[in-house]
Amino acid sequence: MEKHLSELNKDQIEAVKYNSGPSIIIAGPGSGKTKVLTNKLAYLIDSGVSPFNILALTFTNKSAKEMKNRVKEMLQSSISYNTWMGTFHSVFYKILRIECERINYEPNFTIYDSNDSKNIIKRIIKELGLNKDFYKPNFVSYKISSLKNNLITWQKYNANPELKLEDESAGRHNFIEIYKRYQRKCFQNQAMDFDDLLLNTYTLLKDFPEILFKYQNKFKHILVDEYQDTNYAQYKIINKLAEIHENICVVGDDSQSIYSFRGANIHNILNFKKDYPNHKMFKLEQNYRSTKKILNTANTLIENNKNKIEKRIWTNNKEGEDITINQSESDFEEGYFVAKKIKQLNCNLNEYAILYRMHHQSRSIEESLRRENIPYRIYGGISFYERKEIKDVLAYFKLTINNYDEESLFRIINFPSRLIGKTTIQKIAIKAEEQNLTIWDILKDMSSNKQIALKLNSQKQSSLIKFYEMINFFSIQAKNKQAIEVANYIIEHSGLLREYKKDITPEGKIRLKNIEELINGIKEMSSISDEGFYLSDFLSEISLMTNQDSDDYEEKVTLMTIHASKGLEFKNVFVVGLEEGLLPADKSQNNTDIEEERRLFYVAITRAIENLILSYARFRNKWGERTSSEPSRFVYEINQNKNNANIIDEKYKKYKKIAALELQPKGKKISRFKSTIETIKNYKPGDLVKHNKFGIGEILENNNEKCIVDFRKFGKKTLLLRFAKLKLLK
């Protein structure tokens, strides 16, 4: 065991060896936290503590498995497998399987996932005949989960006038009835959802002293990882179990507490010293990941938070490169800058991460990477154009342009709900097949009052005719009006916007933001088109982006939200969208929210190993309207650090010029030379030119017969001079 301890630094060794009382290990980013936890577990067992008496709680099963395997290697024994180690939910599930008869559950109870829970809630809402506009299943599920994580049963909720008033004022008078019926249904089905695993464990320990005493004596040593991410229910259970022996060690970093939207409470880690006055604190401040300049930037930022445990991360690594802070004219240009910078750095693509605050921000980045033929993956998510809400909108667009697109028709004919069920659609499809017609033809005949033997009631027939007339009107509009106007009209008058606005859960707000970003994309494409830009043009553009070869490249740039990046590291990190309203998010109304947003940026910064590139845009589209953006307050805060260079590399000035030309308002003249074959022969590498179809680009080669041009939107093209019709831009 001493051999393994010799690989640790002084602070790590002290943290590992202290096991006689409460302790807290503040582990900064890249400080070897997992190594310390693993060594501590091995040290306990090597010191004679029975693994049966150790409880180790993690936030992922993967972490628990890795720790067990490492301890096995260190001790040359599988004895560590006898430790009670796992996620909160898996360990409490194990306890409930043993003790659940006390709360009238069978040991073989079922665990419901989120889909199971939502399906039950949907049925209850239907049984009660409630208005789905006020009782969205996603919101109701989210609300019940939040209550349970705060140990509020339906009985406690019913007895709390303040909680009830909040829902009643929002028109949800029957929420209590849904909650009550949901719990009753789960019990009847002998099932628990994930939140019940916490709530019922707490109930067991609270209501049955002998069970509490049993597990207090069983778990003589308790280790908790990522303590800053624990919620109220987890916090209360841990404290109850640790009451007798108080051999509790929690590991975490208050500066990386970023999950309040999941119920995480930073006060659990900040108040540890109050819960255990005789505690010992160990600070792991030496970082083994990043350069000095990256860490200095992180320290400068987090110093602005008031609610924190004092620490300053440091490293023996090299000084490193200056931090680049890039100002782009727009999010359109920001994506271009990122793509070109990736090519300039010329590293293995797996060594890049592009981080953003919100999922919808990936759209402009994805498009730029595609144009530059840079393969990428969306970590913990899906590509922008593959998201459900985007596919819903695009289905409306596609059916508008091509009325015979039955795949799109099937997707949207009953979304939002028009009470057109699968049976009705099947009847129409069969009739169309019999008469050798399309479904659109059948709908058209119905609208023209032609007799069609479908045996549909008047309500169904009316709904189908209204759907046909709506899409037909969209199609007429699309022939004469610009894409942006038609797109906005379709999203509003199809009912999609109203449908997605109903969902006020965090996921619902993200979907709405994604639809807004789709409109922004149409606006951007419209702004760089010399001629009219119609909805059919937009669909052609994105089909080129989404129908690329799907070869699984071994090397890919990683795109992800900052939340998803926690615990990961990359040689080169881009953080984009550093603007007020994005980071910090526009929902951040008070100092508590702002401090969490600052911690989120801190997490982003500390993912970087060598290069950190930060970026913000002066203008950003919102619902298709170009609006000015203000740099994030965090940009000003880190600029207190002399290592940060608020610059744009010289190499990108020409790309800024291209983007600025493309973004000029319609009607504003761009100075051009007259285009003839003779003048084109004189164009030199580096000259900026414009092509009627491909837009603005840069001459790469010109041999008097043909030239190679790198176009902003279409990449490299080889053009014969006699057909090129290139115009030189001044």
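What counts and what doesn't
- Residues numbered from 1 in each chain as written.
- Predicted model: local features only at pLDDT ≥ 70, side-chain atom pairs only at ≥ 80, totals over all residues.
- Heavy atoms only, no water.
- Helix = DSSP H or I, 4+ residues; strand = E, 2+ residues; numbered from the N terminus.
- Contact = heavy atoms within 4.5 Å.
- Areas by Shrake-Rupley, 256 points an atom, 1.4 Å probe, with all protein chains shown as cover.
- Salt bridge = Lys/Arg side-chain N within 4 Å of Asp/Glu carboxyl O.
- Buried < 20%, exposed > 50% of the residue type's maximum accessible area, 1.4 Å probe, protein only.
- Axes fitted to C-alpha atoms, helices over the stretch in contact; angles between N-to-C directions.
- Parallel < 35°, antiparallel > 145°, perpendicular 65-115°, else oblique.
- Left-handed = near helix turned anticlockwise from the far one by under 90°.
- Phe/Tyr/Trp six-rings, centres within 6.5 Å; stacked < 30°, edge-to-face > 60°.
- Lys NZ or Arg CZ within 6 Å of the ring centre and 35° of its normal.
- Pairing = 2+ DSSP bridges.
- Nonpolar A, V, L, I, M, F, W, Y, C, P; charged D, E, K, R; others polar.
- Core = buried A, V, L, I, M, F, W, Y, C linked by side-chain atoms within 4.5 Å.
- Polar contact = N/O pair within 3.5 Å; in protein donor to acceptor, adjacent residues only side chain to side chain.
- pLDDT = per-residue confidence, 0-100.

1. Observations regarding the overall build of the protein
Okay, step 1: A tally of regular secondary structure across the protein gives 33 helices and 21 strands.
Okay, step 2: Contacts spanning at least 24 positions in sequence make up 75% of the contacts within the protein whose residues lie at least 6 apart.
Okay, step 3: Accessible area of the protein: about 33,300 Å², with a carbon and sulfur share of 47%.

2. A few points about the pattern of salt bridges
Side chains that differ in sign of charge can pair as their charged atoms come close.
Okay, step 1: By the definition in use, this model includes 47 salt bridges.
Okay, step 2: With its nearest N and O atoms 3.2 Å apart, the salt bridge here joins E367 to R363. Here R363 and E367 lie together in helix α18 (residues 362–371), a separation of four residues that amounts to about one turn.
Okay, step 3: Judged by its relative accessible area of 0%, R363 is buried.
Okay, step 4: With a shortest N-O distance of 3.3 Å, E499 and K502 are connected by a salt bridge. Of the two residues, E499 and K502 are both situated in helix α25 (residues 496–502); the distance of three residues between them amounts to about one turn of the helix.
Okay, step 5: Given a relative accessible area of 17%, E499 falls into the buried group.

3. Some words on the packing of helix α3 (residues 33–46) against helix α4 (residues 61–75)
Helices that pack against each other are described as a pair by the angle of their axes relative to one another and the distance between those axes.
Okay, step 1: Axis separation between α3 and α4 bottoms out at 9 Å; the angle between their running directions is 55°. As summarised for this structure, α3 and α4 are arranged oblique, according to the angle between their axes. For the pair α3 and α4, the crossing hand works out as right-handed. Contact residues: T34, K35, L37, T38, N39, L41, A42, I45 and D46 in α3; M67, R70, V71, M74 and L75 in α4.

4. Observations concerning the packing of aromatic side chains
Okay, step 1: Here the structure, examined in full by the defined rule, presents 21 aromatic pairs.
Okay, step 2: Among the aromatic residues, those joined into a cluster by ring pairs are Y93, Y105, F109 and F187.
Okay, step 3: Taking NZ or CZ as reference, K143 lies 5.9 Å from the ring centre of F175, over its face.

5. Considerations on the sheet that holds strand β3 (residues 84–87)
Okay, step 1: Read across the open sheet, the six strands follow the order β3-β2-β6-β7-β1-β8; overall the sheet is parallel. The open sheet has two free edges, formed respectively by β3 and β8 (280–284), since each of these has just one partner strand. Across the sheet, the mean angle separating the axes of adjacent strands is 10° when strand polarity is ignored.
Okay, step 2: For strand β2 (residues 54–58) and β3, the ladder comprises four bridges, and the chain directions are parallel.

6. Details of the pairing of strand β13 (residues 570–575)
Okay, step 1: The buried fraction of β13 is high, at five of six residues.
Okay, step 2: Inspection of the sheet shows strand β10 (residues 352–356) paired to β13 by four bridges, in the parallel sense. Bridge pairing in β13 places A353 opposite V573.
Okay, step 3: In this sheet, strand β14 (residues 608–622) lies alongside β13 in parallel orientation, the contact comprising five bridges. Along β14, the bridge assignment pairs V573 with L612.

7. Examining the packing of helix α6 (residues 114–127) against helix α7 (residues 137–149)
Okay, step 1: Where α6 meets α7, the closest approach of the two axes is 9 Å, and the angle between their N-to-C directions is 115°. Of the possible angle classes, the one that applies to α6 and α7 is roughly perpendicular. Every pair of crossing elements has a handedness; the one defined by α6 and α7 is right-handed. Contacts from K118, I121, K122 and I125 of α6 reach α7 at P137, N138, V140, S141 and I144.
Okay, step 2: For the contact of α6 with α7, the class distribution of residues is five nonpolar, two polar and two charged.

8. A few points about the environment of G21
Okay, step 1: Here G21 is to be found in the loop between α2 (10–17) and β1 (23–27).
Okay, step 2: For G21, a relative accessible area of 11% gives the class buried.
Okay, step 3: C-alpha separation for the pair G21 and H279, spaced 258 residues apart in sequence, amounts to 6.8 Å.
Okay, step 4: Dropping the residues within four chain positions of it, G21 is found in contact with E246, N247 and I248.

9. Some details on the pairing of strand β15 (residues 625–628)
Okay, step 1: Of the pairings in the sheet, the one linking β14 to β15 comprises four bridges and is antiparallel in character. Residue pairing across strands places K622 opposite E625, the latter belonging to β15.
Okay, step 2: Hairpin connection of β14 to β15: two residues between the antiparallel strands, including W623 at a positive phi of 50°.

10. Structural notes on the nonpolar core
Okay, step 1: Counting 51 residues, the largest nonpolar core has L394, F397, L443, F467, L518 and F538 as the members making the most contacts within it.
Okay, step 2: Element by element, the count of residues in this core is highest for helix α23 (residues 458–480), at eight residues.
Okay, step 3: Grouped together as the second largest cluster of nonpolar side chains are 44 residues, I95, M192, L198 and Y202 included.

11. What about α18?
Okay, step 1: With respect to burial, α18 is a largely interior element, 10 of its 10 residues being buried.
Okay, step 2: Taken as a whole, α18 has its buried residues at S362, R363, S364, I365, E366, E367, S368, L369, R370 and R371.
Okay, step 3: Taken from the residues just after α18, N373 is the one with a positive phi, measuring 55°.

12. Concerning the side chain of N611
Okay, step 1: Tracing the backbone through its elements, the reader meets N611 in strand β14.
Okay, step 2: In terms of polar contacts, N611 uses its side chain to reach the side chain of N572, at 2.8 Å.
Okay, step 3: With sequence-adjacent residues up to four places away left out, N611 is seen in contact with I294, E321, L345, K571, N572 and V573.

13. A short note on the environment of L409
Okay, step 1: Locating L409 in the fold gives a position in helix α20 (residues 406–412).
Okay, step 2: When the C-alpha positions of L409 and I439 are compared, they lie 8.8 Å apart, and in sequence the two are 30 residues distant.

14. Description of unusual backbone geometry
Okay, step 1: The peptide bond linking F415 to P416 adopts the cis configuration, its omega dihedral lying at -5°.
Okay, step 2: With respect to the helices and strands, the residue P416 is situated in the loop between α20 and α21 (422–434).
Okay, step 3: Following L583, the chain continues into P584 via a peptide bond in cis, with omega recorded as 10°.
Okay, step 4: Examined against the element boundaries, P584 turns out to sit in the loop between β13 and α29 (591–605).
Okay, step 5: For E226, which is not a glycine, the phi torsion comes out positive at approximately 50°.

15. Digging into the confidence of the model for the protein
Detail in the predicted coordinates should be disregarded across regions flagged by low pLDDT.
Okay, step 1: Per-residue confidence for the protein gives a mean pLDDT of 86, with 90% of residues at or over 70.
Okay, step 2: pLDDT under 50 marks residues 546–553. Its contacts with residues more than four places away, or in other chains, come to three contacts.
Okay, step 3: Taken as a whole, residues 662–675 scores under 50 in pLDDT and shows 32 contacts with residues more than four places along the chain or in a different chain.

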